[in-house]
Amino acid sequence: MTRCQSTENCRGIGEIMKKAIAVLVCAICVASCGSSDIRTVKTGVLDFNKTLTVGQALDNWKNCKGSEWSEFTSDNGVKVVQFACDEKIEEYMAALRSVLPKGDKSASALPSSDLKTFQFTLNKDGTFQLCNVSDLTKWADGTENEQNQAAVEQLQSAYENKMEYDMSVVDGLQKGNSDSEAAAEMLAVAFEFGKVTG
């Protein structure tokens, strides 16, 4: 270890160390907190539900097995913050397949993954709004279908912490509930339609 030759050198080294530590702390904070645009959306409150911040609702949504916040600027300069939710569908689809009759072709219409994406645009005055929600459904054979969704209704599901794929439908099927059978058949037809029209 080198000793300082003079008091001035020691102070100079001490000041440099303090600045280096401050820069490191700021870098860690920025990395852990995300960009200021992402932070603006995550800490923001929307008019339709002021009980939670957007971040509280989306980051704690039990519907997501994984999620990611990102940002980009559109070709015309609009700043966009995006939240992507990799939805929990595997257990639901496996359970649904197990109650469908053997050889039922609708089983192949059930998707293998579903990615829901929320996009928020930032305004020049520091405010933001939800501008788009899309759903990218994928099947095991590589087929994909992306559809825009009713934005506020989809966000409402996150604020209410609802699962998109409700296991009660499958539970009802297992118990022979005809309402659940009809719901499952409609669901399978909807998935098949999405696959065909995608």
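Placed above this text is the structure.
We now turn to the structure provided with this report. The model shown is predicted, which means the values in this text are computed figures rather than measured ones. Once a new chain begins, its residue numbering starts again from 1 and follows that chain's sequence as written. With pLDDT at 70 or above as the cut-off, local features in this predicted model cover only qualifying residues; side-chain atom pairs require 80 or more to be listed or tallied, and sums for whole chains, interfaces and linings still use all residues. Hydrogens and water are ignored here; the side-chain numbers use all heavy atoms of the structure.

1. A word on the overall build of the protein
Thinking step 1. In this description a helix means any DSSP run of H or I spanning at least four residues, a strand means any run of E spanning at least two, and both kinds are numbered starting from the N terminus. Each helix and strand in the protein was counted, giving 7 helices and 5 strands.
Thinking step 2. Helices and strands appear in the protein in the N-to-C order α-α-α-β-β-α-β-β-β-α-α-α.
Thinking step 3. For the protein, with 198 residues in total, the buried portion stands at 35%.
Thinking step 4. Computed with the Shrake-Rupley method and a 1.4 Å probe, the accessible areas treat only the protein chains shown as cover for residues. Total accessible area on the protein stands at roughly 12,300 Å², and carbon and sulfur atoms take up 54% of it. Exposure categories follow from relative accessible area, calculated using a 1.4 Å probe and restricted to protein chains: below 20% of the type maximum is buried, above 50% is exposed, and the middle band is partly exposed.

2. Quick look at the environment of Lys-42
Thinking step 1. The topology assignment puts Lys-42 in helix α2 (residues 36-42).
Thinking step 2. Linking Lys-42 and Val-81, residues 39 residues apart in sequence, is a C-alpha distance of 9.5 Å.
Thinking step 3. Contacts are assigned to residue pairs with any non-hydrogen atoms lying within 4.5 Å of each other. Setting aside residues no more than four positions away along its own chain, Lys-42 makes contact with Thr-53, Val-54, Gly-55, Gln-56, Asp-59 and Trp-69.

3. So, the side chain of Asp-135
Thinking step 1. When you line up the elements, Asp-135 lands in strand β4 (residues 128-138).
Thinking step 2. Think of a polar contact as two N or O atoms within 3.5 Å of one another; within protein, one of them needs to be a possible hydrogen donor and the other a possible acceptor, and neighboring residues in sequence only count if both atoms come from side chains. Polar side-chain contacts of Asp-135 include one of 3.5 Å to the side chain of Lys-116.
Thinking step 3. Other than its neighbours up to four places away in sequence, Asp-135 contacts Glu-87, Asp-114, Leu-115, Lys-116, Asn-145, Glu-146, Gln-147 and Gln-149.

4. Comments concerning the environment of Phe-128
Thinking step 1. Residue position: Phe-128 is located in strand β4.
Thinking step 2. C-alpha of Phe-128 to C-alpha of Val-45: the two residues are 83 residues apart in sequence and 9.7 Å apart in space.
Thinking step 3. When sequence neighbours within four positions are dropped, the list of residues in contact with Phe-128 reads Thr-40, Val-41, Gly-44, Leu-46, Val-54, Phe-120, Thr-121, Leu-122 and Asn-123.

5. Looking at the pattern of salt bridges
Thinking step 1. Criterion for a salt bridge: a side-chain nitrogen of Lys or Arg within 4 Å of a carboxyl oxygen of Asp or Glu. In total, this model carries 10 salt bridges according to the counting rule given.
Thinking step 2. Its salt-bridge partner being Glu-90, residue Lys-65 comes within 2.4 Å of it at the nearest N-O pair. Of the two residues, Lys-65 is situated in strand β1 (residues 64-73) and Glu-90 in helix α4 (residues 90-99); the sequence distance between them amounts to 25 residues.
Thinking step 3. Owing to a relative accessible area of 38%, Glu-90 belongs among the partly exposed residues under this scheme.
Thinking step 4. A salt bridge links Glu-164 to Lys-116; the shortest N-O distance between them is 3.7 Å.

6. Details of unusual backbone geometry
Excluding glycine, most residues fall at negative phi; most peptide bonds, likewise, are trans.
Thinking step 1. At Asn-161, a residue that is not glycine, the phi angle is positive and equals roughly 55°.
Thinking step 2. Tracing the backbone through its elements, the reader meets Asn-161 in the loop between α5 (151-159) and α6 (167-174).
Thinking step 3. Residue classification places Asn-161 among the partly exposed residues on the basis of a relative accessible area of 30%.

7. Concerning the state of the cysteines
Thinking step 1. Whenever a pair of cysteine sulfur atoms sits within 2.5 Å, that pair is classed as a disulfide. Taken as a whole, this structure holds 1 disulfide when the rule is applied.
Thinking step 2. Each sulfur in the disulfide pair Cys-64 and Cys-85 lies 2.1 Å from the other. Judged by the sign of its S-S torsion, about -115°, the cystine formed by Cys-64 and Cys-85 is left-handed. With Cys-64 in strand β1 and Cys-85 in strand β2 (residues 79-87), the pair connects residues that are 21 residues apart, well separated along the chain. Exposure class is identical for Cys-64 and Cys-85. Each is buried.

8. A closer look at the nonpolar core
Nonpolar side chains tend toward joint burial in soluble globular proteins.
Thinking step 1. Here, nonpolar core means buried Ala, Val, Leu, Ile, Met, Phe, Trp, Tyr and Cys residues that are tied together by side-chain atoms lying within 4.5 Å of each other. Within the largest apolar cluster, 22 residues are counted, with the highest numbers of intra-cluster contacts made by Val-41, Val-54, Leu-58, Trp-69, Phe-118 and Phe-120.
Thinking step 2. Elements that contribute at least two residues to this core include exactly α2, α3 (54-59), β1, β2, β3 (113-122), β4 and α5.
Thinking step 3. Setting aside residues no more than four positions away along its own chain, Leu-58 makes contact with Trp-69, Phe-83, Phe-118, Phe-120, Leu-155 and Ala-158.
Thinking step 4. In this structure, Ile-89, Tyr-92, Met-93 and Tyr-165 belong to the second largest nonpolar core, which totals 8 residues.

Coordinates in, geometry out; function isn't part of it.
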